[in-house]
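What the coordinates show
Single-letter residue listing:
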Amino acid sequence: MSRPEAATRRRRPFRAEWPVTGALLLLLLVANGALGALLQSTTWWWLMAFVSATVLLGLAGLRRAGLAESLAPVAGFGILLATLTLLFGGGTGLLWLVPSLETLARFGRLVDSGMESIQQQGTPADPVPGILLLLCAGAGVIAMMMHLLAITLRVPALAGLPALVPVAVPGLIVDGGADPLSLVLTAIAFLILLRVEVRVRRTREAENPPAGPHAPRVVGPVRRRGPGPLWGAMVVGSIGIVGALLLSVATPAVPGGGFAGTGHVGTLLFGSGVTPLINLGQDLRRPQSSAALHYRTSASPPPYLKLLTLDNFVGATWMARVEPSRPNENVEDIALPQGLSSQVATRETTTQIVIDGVAARWLPTPFAPKKVTGLVGDWYWDRSTSTIASANSITRGQQYTVTALELAPTPEQLRAAGTRYPVGIRRNLDLPVNRPAIIDQTARDVTSGAISPYDAAVALQTYLRGGEFSYDTDAPVAEGYDGGGVDVVGKFLEVKRGYCVHFASAMAVMARSVGIPARIAIGYLPGSRSTSYIEGRDRFNVDAHDLHAWPELYFGGIGWLAFEPTPGRGTVPAYTRATDAQVPLGGEVGGLSTAAPRNADPGAQNPSDGRRAATSPSGGSDATRNLTAGLAAVLIVLMLPGGARALRRQGRRRRVRAGPGSAGWAWDELVDTAVDHGVRVRDTETPRELVARLELLPGLVSPTAGDHVAVLRRLLVAAERQRFGRPGAATPGEAPAGLAADLDQVTRAIHAGASWPVRIRAIVLPASLRRPSRVARNGTLPADA
């Protein structure tokens, strides 16, 4: 054969990989589209498509250039890392592609930010840069796994398994399962992959017949009786797809979700952690509610119970600012509220709380606690957010007593509050740059001429509680503006229908736009009074329908104060009633221009980006158990083919040692071992032609392998004599123990001579399982005469 012909023959397998690569890319792009139920916009899909295409096409190009199969995973990782550096490195990489130490540090901050955002956002989530990095990295890893299975190991039917990850995730998160259209399109793309691979394989076999004098020659097409390899692959793949569809639809969402783990069906990624805004609305819309807690109190009226604070924008979405744990901030000796002056009247109250169904790492307490006793576990006080949290404990089953302060500032004190805010407070003026113009315009119109920030705050509360707005938990979902980001606030101010999340977010955002520090508190309304009367105090019962959001605004010399802009929910604080606010002409609020908010760059990293992500209120241990169970299930599934093959191998060896039909069983095992190690057994081959090809395997042609070839021929002769010899006639060399030893020697030699990827494939994904066992076919012999 001439050199050009040899080169052409070497290149043909690589050219044949391009159609399979295209089918893999199509499958992955369609599968990634299933995540649309969890994410806003389509930017994330285009980025994932770019990363997937770069990895798959880059690997195909390197294979075309002659890259060894064993180096494909390393090359794929390098391509993925360079692509992520280009997209998310911010110019810190060498030539924009080679990551530097600064690039890796930036990746770390983005990952922390993405994990924090995943834990705190609801669905559909805003794909902030951290989430985009995680999505793109995941898409690249899936692309590498699909290439490994379909191209390197040549088992395209299993290449659909990694693609099932983005398809199955929405079914575990969104009520009702994943989008049926996405599932159907993914199934179609998977079947296209199987069809393309079969055609490519047949073309390759036709163009590259085995060499040698004993090689078979296919003169014309052979019509098979019964299903061929395409149908077998389609059946296997279809079973996998249908199983994934049923799993996605039938598997309930991971329990422990809802807003505070109150026992409702929740979510895994966007919901097992704190998803305060959208998941709060989901809890309010549930027809049935579950008990959260009950309490007795000396406060009058009964207090709101606060869980956590949202005071930070990541992109356009409210987030809880993650602060490091402070073990020295003992909950049994809590400092006075931030900014509180001794001139403000206060009253001490006592509240005994028993947790029934809340499983959170934030503790429900009245505002401004002084002391908490009776807690089990380690809990610390965060002065900047006025919340109590734990790094290793949850609230379920806790019984504790809270001593708190009721603040009673007068309108005069509030109007006299200064506007020179501490540095730690000024961050609560930040707003996204790209926000709807209606927010600032409405805030200016409503607060026009207010003489102080306090009067402006009361004007905003009165406006939102006015007759133009109505309380409605369904309209935001029906019209597509659920949540509390600035885009949602803009739509809410136009539609004027929503629930507590929208009212609280709207007041907080408009307050910031006129220069008043503001944030959102999440917790519970006071609940309902029961008929129980213990130790002179009423018992109040709180359930999931009492979940609530309200704004808190900061005033110098007084501190943070709660407001209630939601009509028909809660009670208006006494310090905001009948204020007789003065409204002179002009566009200033207490000397601050109404155009005074600090614009926060939505793409900039906030101070918490490099810190540890917020802890899930449903319990990190639950999430760990769920992840461990999922990984264990995946591992078991991956072990099934190898386990089935091992059982078949052991069964044959027992039959070989048993005596009757031992030569046939030994031949079956020999042929399947060869198939597992990449030897193609053709329907047109005779056993002797197959043995002639097996003698050329690396493990049998080594200088020290003479005995292996002789043993192989001895197995062939024994099988032929059993098949064609006179029944009952004794033949030399057919003792069961000797056949078993011969079989072990040859199969070990075949395995030892194979490359390590082939050996791994033979153990984990044995190809012989696709072949029928114990049937007569050309190239093999039946075990029985």
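Described in the following lines is the structure provided in the data block. Since the model is a prediction, treat every value here as computed from it, not as a measurement.

Turning our eyes to something else, we now look at the overall build of the protein. Within the protein one finds 23 helices and 20 strands. In the protein, buried positions account for 51% of the 785 residues. Per element, the accessible surface of the protein, about 34,300 Å² overall, is 60% carbon and sulfur.

Moving on to the pattern of salt bridges. Per the counting criterion, the structure on display carries 19 salt bridges. Across the pair Arg-519 and Glu-552 runs a salt bridge, and its minimum N-O distance is 2.8 Å. Separated by 33 residues along the polypeptide, Arg-519 in strand β13 (residues 518-524) and Glu-552 in strand β16 (residues 547-555) bring together distant segments of the chain. Each of the two residues, Arg-519 as well as Glu-552, counts as buried. Across the salt bridge formed by Arg-649 and Glu-669, the nearest N and O atoms sit 3.6 Å from each other.

A few words now on helix α5 (residues 129-152). With 24 residues, α5 ought to run about 34 Å at 1.5 Å a step, and its terminal C-alpha atoms sit 33 Å apart, in line with that. Burial runs high along α5: 17 of the 24 residues are buried. Backbone geometry just downstream of α5 places Arg-154 in the positive-phi region, at approximately 55 degrees.

Before going further, it helps to spend a moment on the sheet that holds β13. As summarised here, the arrangement of the four strands in space is β2-β13-β16-β17, forming an open sheet in which the pairing is antiparallel. With one partner strand each, in any of the chains shown, β2 (305-310) and β17 (559-562) form the two edges of the open sheet. Put simply, the sheet's adjacent strands are angled 35 degrees from each other on average, direction ignored. Summarising the sheet, β13 and β16 pair through seven bridges and their orientation is antiparallel. Paired with Ala-518 across the two strands is Leu-553, which belongs to β16. Helix α16 (residues 500-513) rests against β13 and β16 of the sheet, and its axis sits at about 15 degrees to β16.

Another aspect to go through is the packing of helix α2 (residues 43-64) against α5. Helix-helix packing is characterised by the crossing angle of the two axes and by the distance between the axes. Look at α2 against α5: their axes get within 9 Å of each other, and the N-to-C directions meet at 35 degrees. α2 and α5 meet at a crossing whose hand is right-handed. Contacts between α2 and α5 involve Trp-44, Leu-47, Met-48, Val-51, Ser-52, Val-55, Leu-56, Leu-59 and Arg-63 from the first element and Leu-132, Leu-135, Cys-136, Ala-139, Gly-140, Ala-143, Met-144, His-147 and Ile-151 from the second.

Moving on to the packing of helix α12 (residues 437-446) against helix α15 (residues 486-495). As a packed pair, α12 and α15 sit with axes 8 Å apart at the nearest point and diverge in direction by 55 degrees. If you check the angle between α12 and α15, you find them oblique. As α12 runs across α15, the sense of the crossing is left-handed. Within the contact between the two elements, α12 uses Ile-438, Ile-439 and Thr-442 and α15 uses Val-486, Val-489, Gly-490, Leu-493 and Glu-494. Tallied by class, the residues present in the contact of α12 with α15 amount to five nonpolar, two polar and one charged.

Here we take up the packing of aromatic side chains. In this structure the tally under the stated criterion is 13 aromatic pairs. With a centroid separation of 5.1 Å and an interplanar angle of 80 degrees, the aromatic rings of Tyr-463 and Phe-469 are classed as edge-to-face. Accessibility assignment for this pair places Tyr-463 and Phe-469 in one class, buried. Both rings, one in Phe-563 and one in Tyr-575, keep their centres 6.2 Å apart while their planes meet at 75 degrees; by these two values the pair is edge-to-face. Here Tyr-575 lies in the loop between β17 and β18 (588-589) and Phe-563 lies in the loop between β17 and β18, a separation of twelve residues in the sequence. Looking at Tyr-575, the relative accessible area reads 13%, which means it is buried. Among the aromatic side chains, those forming a connected cluster through ring pairs are Tyr-454, Phe-555, Phe-563 and Tyr-575. Sitting above the plane of the Trp-560 ring, Arg-519 keeps its charged end 3.9 Å from the centroid.

A few words on α2. Helix length check: α2 (22 residues) gives 31 Å between terminal C-alpha atoms against 32 Å at 1.5 Å per residue, within 8%. At the C-terminal side of α2, Gly-66 shows a positive phi close to 105 degrees.

With 84 residues, the main nonpolar core has Leu-293, Val-372, Leu-464, Tyr-524, Leu-553 and Phe-555 as its most contacted residues. At ten residues, α16 tops the list of elements feeding residues into this core. Within the second largest apolar cluster, 57 residues are counted, among which are Leu-80, Ile-118, Leu-193 and Met-319.

For Ser-386, the location among the structural elements is in the loop between β7 (380-382) and β8 (387-389). By relative accessible area, Ser-386 is classed as buried at 11%. A distance of 3.1 Å separates the side chain of Ser-386 from the side chain of Arg-519, its partner in a polar contact. Setting aside residues no more than four positions away along its own chain, Ser-386 makes contact with Lys-306, Phe-367, Trp-381 and Arg-519.

This part takes up unusual backbone geometry. Omega for the bond connecting Ser-300 with Pro-301 falls within 30 degrees of zero, at 0 degrees, which places this linkage in the cis form. Phi at Ser-386 is positive, roughly 60 degrees, even though this residue is not glycine. Positive phi is not limited to glycine here, since Lys-496 has a value of about 65 degrees. Mapped onto the elements, Lys-496 comes out in the loop between α15 and β12 (497-498). The buried category is assigned to Lys-496, whose relative accessible area is 19%.

What counts as what
- Residues numbered from 1 in each chain as written.
- Predicted model: local features only at pLDDT ≥ 70, side-chain atom pairs only at ≥ 80, totals over all residues.
- Heavy atoms only, no water.
- Helix = DSSP H or I, 4+ residues; strand = E, 2+ residues; numbered from the N terminus.
- Buried < 20%, exposed > 50% of the residue type's maximum accessible area, 1.4 Å probe, protein only.
- Areas by Shrake-Rupley, 256 points an atom, 1.4 Å probe, with all protein chains shown as cover.
- Salt bridge = Lys/Arg side-chain N within 4 Å of Asp/Glu carboxyl O.
- Expected span 1.5 Å × (residues − 1).
- Pairing = 2+ DSSP bridges.
- Axes fitted to C-alpha atoms, helices over the stretch in contact; angles between N-to-C directions.
- Contact = heavy atoms within 4.5 Å.
- Left-handed = near helix turned anticlockwise from the far one by under 90°.
- Parallel < 35°, antiparallel > 145°, perpendicular 65-115°, else oblique.
- Nonpolar A, V, L, I, M, F, W, Y, C, P; charged D, E, K, R; others polar.
- Phe/Tyr/Trp six-rings, centres within 6.5 Å; stacked < 30°, edge-to-face > 60°.
- Lys NZ or Arg CZ within 6 Å of the ring centre and 35° of its normal.
- Core = buried A, V, L, I, M, F, W, Y, C linked by side-chain atoms within 4.5 Å.
- Polar contact = N/O pair within 3.5 Å; in protein donor to acceptor, adjacent residues only side chain to side chain.

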